[in-house]
Amino acid sequence: MLRGSSVRTDEDLMIAYVAGERAAFKELFERYAPKLERLMLRELYAREEARDLVQQAFLQLHRARHDFDPAQRFKPWLYTIALNLKREHFRRRRRRPEVLGDMADERAAPGGAHDALEANRSLAWALAQIPEENRRVIELHWFDGLSFAEVANCLGIGAVAAKVRAHRGYQRLRKLLGDDLELGSAGNRAGESGI
């Protein structure tokens, strides 16, 4: 728990939930359901399918609650569950996922909404052109804010491999979108991470 704060960490909430505190599960759901829905919508155009997968992820979390290791971070554990469900969903459908169905935030300010929508469409197109191994790392690191260690944990690779995949992905995006591509915080994170 944070000093001087009544906000519990994800790990504290999960420990409390495993111990039987139902309110802890509700708080975890409120924290992560919107994030997981955005994660699912990147490859699904149907919001209802995305919501179903989020519900399944939390059902799986409930079923696997006793497997949670309190010494590990909660977020990568939950994202691993969600990504596995998403892969299984596409495996059952036997088709390639639709890429980045909801990248554009429809709540964008009206003044620059058109430009932002066009930029997001261009980025979605470019991300669809790069290999999946690069795209997954970029999505988890850039869009979802996971550290490279957390990304590596989710994908079952090493942190160095995650950084390399991100770097190669960013290079491909620059080629596709031009030299004036601004990666914003992703570029900064990549630079800070030594790639």
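Our structure's up above, just so we're on the same page.
On a predicted model such as this, the values are computed, not experimentally measured, just so you know.

Novice: Provide a residue-level description of the environment of Glu21, including the pertinent values.
Specialist: One can find Glu21 in the loop between α1 (10-18) and α2 (22-41). Note on Glu21: relative accessible area 29%, which makes it partly exposed. If we ignore the near neighbours within four places in the chain, the residues touching Glu21 are Arg8 and Ala16.

Novice: Lay out the packing of aromatic side chains with the relevant residues and their values.
Specialist: A full pass over the atoms with the stated rule returns nine aromatic pairs. Note on Phe68 and Phe74: the rings are 6.1 Å apart at their centroids and 70° apart in plane angle, and the pair reads as edge-to-face. What makes Phe68 buried here is its relative accessible area of 8%. Members of the aromatic cluster, connected to one another through ring pairs, are Tyr17, Phe25, Phe29 and Phe58. Between Lys35 and the ring centre of Tyr32, over which it is positioned, the NZ or CZ distance is 5.0 Å.

Novice: Can you tell me about the side chain of Lys75, naming the residues and giving the values?
Specialist: You can see Lys75 is positioned in helix α4 (residues 74-93). Buried charge Lys75 goes without a salt bridge, the closest partner of opposite sign being Glu150 at 5.1 Å. Reaching out from Lys75, the side chain makes a polar contact with the backbone oxygen of Asp144 at a distance of 3.3 Å.

Novice: If you had to explain the pattern of salt bridges to someone new, which residues and values would you point to?
Specialist: As enumerated under the stated definition, the model contains 15 salt bridges in all. Close ionic contact of Glu150 with Arg73 constitutes a salt bridge, the shortest N to O distance being 2.6 Å. Taken together, the residues span a long stretch of sequence, with Glu150 in helix α7 (residues 148-155) and Arg73 in the loop between α3 (47-63) and α4 at a distance of 77 residues. The partner of Glu132 in a salt bridge is Arg136, with the nearest N and O atoms 3.0 Å apart. Of this pair, Glu132 and Arg136 both sit in helix α6 (residues 132-143), separated by four residues, roughly a single helical turn. Given a relative accessible area of 8%, Arg136 falls into the buried group.

Novice: Got a sec to walk through the packing of α2 against α4? Specific residues and values, please.
Specialist: One way to put it is that α2 packs onto α4 with a least axis distance of 11 Å and a crossing angle of 45°. Between α2 and α4, the angle falls in the class oblique. Read as a crossing pair, α2 and α4 show a hand that is right-handed. Contact with α2, carried on its side by Leu28, Tyr32, Lys35, Leu36, Leu39 and Met40, involves Phe74, Lys75, Leu78, Tyr79, Ala82, Leu83 and Lys86 of α4 and no other residues of that element. Here the contact of α2 with α4 is composed, by residue class, of ten nonpolar, no polar and three charged.

Novice: So what about α7? Which residues, and what values?
Specialist: Residues spaced three or four apart along an α-helix face the same direction, because each turn holds 3.6 residues. All of the buried residues in α7 are Phe148, Glu150, Val151, Ala152 and Cys154. Two residues or fewer past α7, Gly156 is found with a positive phi of approximately 70°.

Each value, and the rule that gives it
- Residues numbered from 1 in each chain as written.
- Predicted model: local features only at pLDDT ≥ 70, side-chain atom pairs only at ≥ 80, totals over all residues.
- Heavy atoms only, no water.
- Helix = DSSP H or I, 4+ residues; strand = E, 2+ residues; numbered from the N terminus.
- Buried < 20%, exposed > 50% of the residue type's maximum accessible area, 1.4 Å probe, protein only.
- Contact = heavy atoms within 4.5 Å.
- Phe/Tyr/Trp six-rings, centres within 6.5 Å; stacked < 30°, edge-to-face > 60°.
- Lys NZ or Arg CZ within 6 Å of the ring centre and 35° of its normal.
- Lys, Arg positive; Asp, Glu negative; His and termini not counted.
- Salt bridge = Lys/Arg side-chain N within 4 Å of Asp/Glu carboxyl O.
- Polar contact = N/O pair within 3.5 Å; in protein donor to acceptor, adjacent residues only side chain to side chain.
- Axes fitted to C-alpha atoms, helices over the stretch in contact; angles between N-to-C directions.
- Parallel < 35°, antiparallel > 145°, perpendicular 65-115°, else oblique.
- Left-handed = near helix turned anticlockwise from the far one by under 90°.
- Nonpolar A, V, L, I, M, F, W, Y, C, P; charged D, E, K, R; others polar.

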